[in-house]
Amino acid sequence: MRFGRRDKKSPSQAVLLLLGSLLLFPIGLHAEEKIPVVVTLPVLKDFTEQVGGPYVEVKSLITGLESEHTYTPKPSDILAVKRADLLVKIGLGLEIWVNSLIKNADRPDLKIVTTSDGVGLIRDHAERNDHDRRDETIDRQHAFKEQHTMGNPHIWLDPENAKIMVRHITEGLIDVDPAHKAEYMRNQSRYIMELESLESELKKQVSQLANRNIVTHHPAWPYYARRFGFVIKGDILTQVGTEPSAKHMGDLIKLMEREKVKVIVSEPQLNPKIPQTLAEETGAAVVVLSPLPGAVPGTETYIDLIRTNTETLIRALEGR
Ligand SMILES: [Zn+2]
């Protein structure tokens, strides 16, 4: 509604009209304003939308096609953080690139949710080197060092961890928007039930497999493998952005033969050449699984991502 020069109404009429419209839409105007939320990864966008429903407007800084390890923020990312009420991240040093964004946005009142809080962490390679683990209890200095090393950050690929992360996000949303607490709590319960049925359904399918050994592209999968019962025998890359040495590749080829590894897990965010070379050398099959939603068709949500990844992996391990 405009009160321009062409408006024939007297000032008092205009005021009455304005008051009338305010009385008609006193809450409506406000409720339509969605809570601006910025998240670092697309998986956090899905979690936030599952809980926040129509009350949130979520922007993910990286897309499913970018690597979570090597992202460079854009100027538009600072603007998004500047106008956000809530910022959701994994933590554990994964998004080193987000700290400067938060600093540059200069928003001391910004509510930050670290979804990894309270998640039981896996140290990289801890699962494969059982002897190292035993040494830890003897070698106190080593144990001290381990405690101060952050764990593997790919926590979200275990639905049990996803439940913890969703609870943190729910708390964050209630904090910035207490008016919709009941809705957020209801959405959280519904989503956690969906996660639980997904997990038990897929676990049953995996348990039928005779050989669950895999080699992965980068160490994104230890939480996922532990939850569903896959066995990671080795990683092609120990750090994203580096190339594996010829010795490491030679060792992997020998290990795959010895441990009867028939499947290599490649990722759409990383260079596919090395997994393909390894497959040619060993006769193993390559499957493309994504740690992030949206990179592979049919994986727009977290639940679809976990389902698609698991069904793809099961087919490959069955030799289909
Ligand atoms: Zn990663």
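Residues numbered from 1 in each chain as written. Predicted model: local features only at pLDDT ≥ 70, side-chain atom pairs only at ≥ 80, totals over all residues. Heavy atoms only, no water.

Asks: For this particular structure, what's the right way to read the sheet that holds strand 7 (residues 263-266)?
Replies: Pairing between the strands of a sheet is mediated by backbone hydrogen bonds and can be parallel or antiparallel. Strand order in the open sheet formed by four strands is 6-5-7-8, with parallel pairing between adjacent strands. With partners counted over all chains shown, the strands left at the sheet margins are strand 6 (231-235) and strand 8 (285-288), one partner each. With direction set aside, neighbouring strand axes in the sheet form an average angle of 35 degrees. Here strand 7 pairs with strand 8 via four bridges, running parallel. Following the sheet pairing, valine 263 is matched in strand 8 by alanine 285. Running over the sheet, helix 11 (residues 246-258) touches strand 5 (213-216), strand 6 and strand 7 and is turned about 155 degrees from strand 6. (Pairing = 2+ DSSP bridges. Helix = DSSP H or I, 4+ residues; strand = E, 2+ residues; numbered from the N terminus. Axes fitted to C-alpha atoms, helices over the stretch in contact; angles between N-to-C directions. Contact = heavy atoms within 4.5 Å.)

Asks: Please explain the pairing of strand 5 as it appears in this structure.
Replies: A regular strand places its side chains on the two faces of the sheet in alternate fashion. Side chains Asn213 and Val215 project from strand 5 onto one buried face, and the interleaved Ile214 and Thr216 project onto a second face that is buried too. Bridge count between strand 5 and strand 6: four bridges; the pairing is parallel. Counterpart to asparagine 213 in the pairing with strand 6 is valine 231. For the crossover from strand 5 across helix 10 (residues 222-228) to strand 6, the handedness is right-handed. (Buried < 20%, exposed > 50% of the residue type's maximum accessible area, 1.4 Å probe, protein only. Right-handed = clockwise from strand over helix to strand, strands pointing away.)

Asks: Explanation requested: the packing of aromatic side chains in the structure shown.
Replies: The description of an aromatic ring pair uses the distance of the two centres, along with the angle that the planes make with each other. Taken as a whole and judged by the stated rule, the model has seven aromatic pairs. Consider the rings of tyrosine 71 and tryptophan 97, whose centres lie 4.9 Å apart with planes at 70 degrees: the pair is edge-to-face. One end of the pair, tyrosine 71, is in the loop between strand 2 (56-60) and helix 4 (75-82); the other, tryptophan 97, is in helix 5 (residues 96-105), and 26 residues separate them in sequence. No difference in accessibility class separates tyrosine 71 from tryptophan 97, as the two residues are buried. Ring centres of tyrosine 224 and phenylalanine 230 lie 5.6 Å apart, and the angle between their planes is 15 degrees; on these two criteria the pair is classed as stacked. Taken individually, tyrosine 224 and phenylalanine 230 each receive the classification buried, so the pair is uniform in this respect. (Phe/Tyr/Trp six-rings, centres within 6.5 Å; stacked < 30°, edge-to-face > 60°.)

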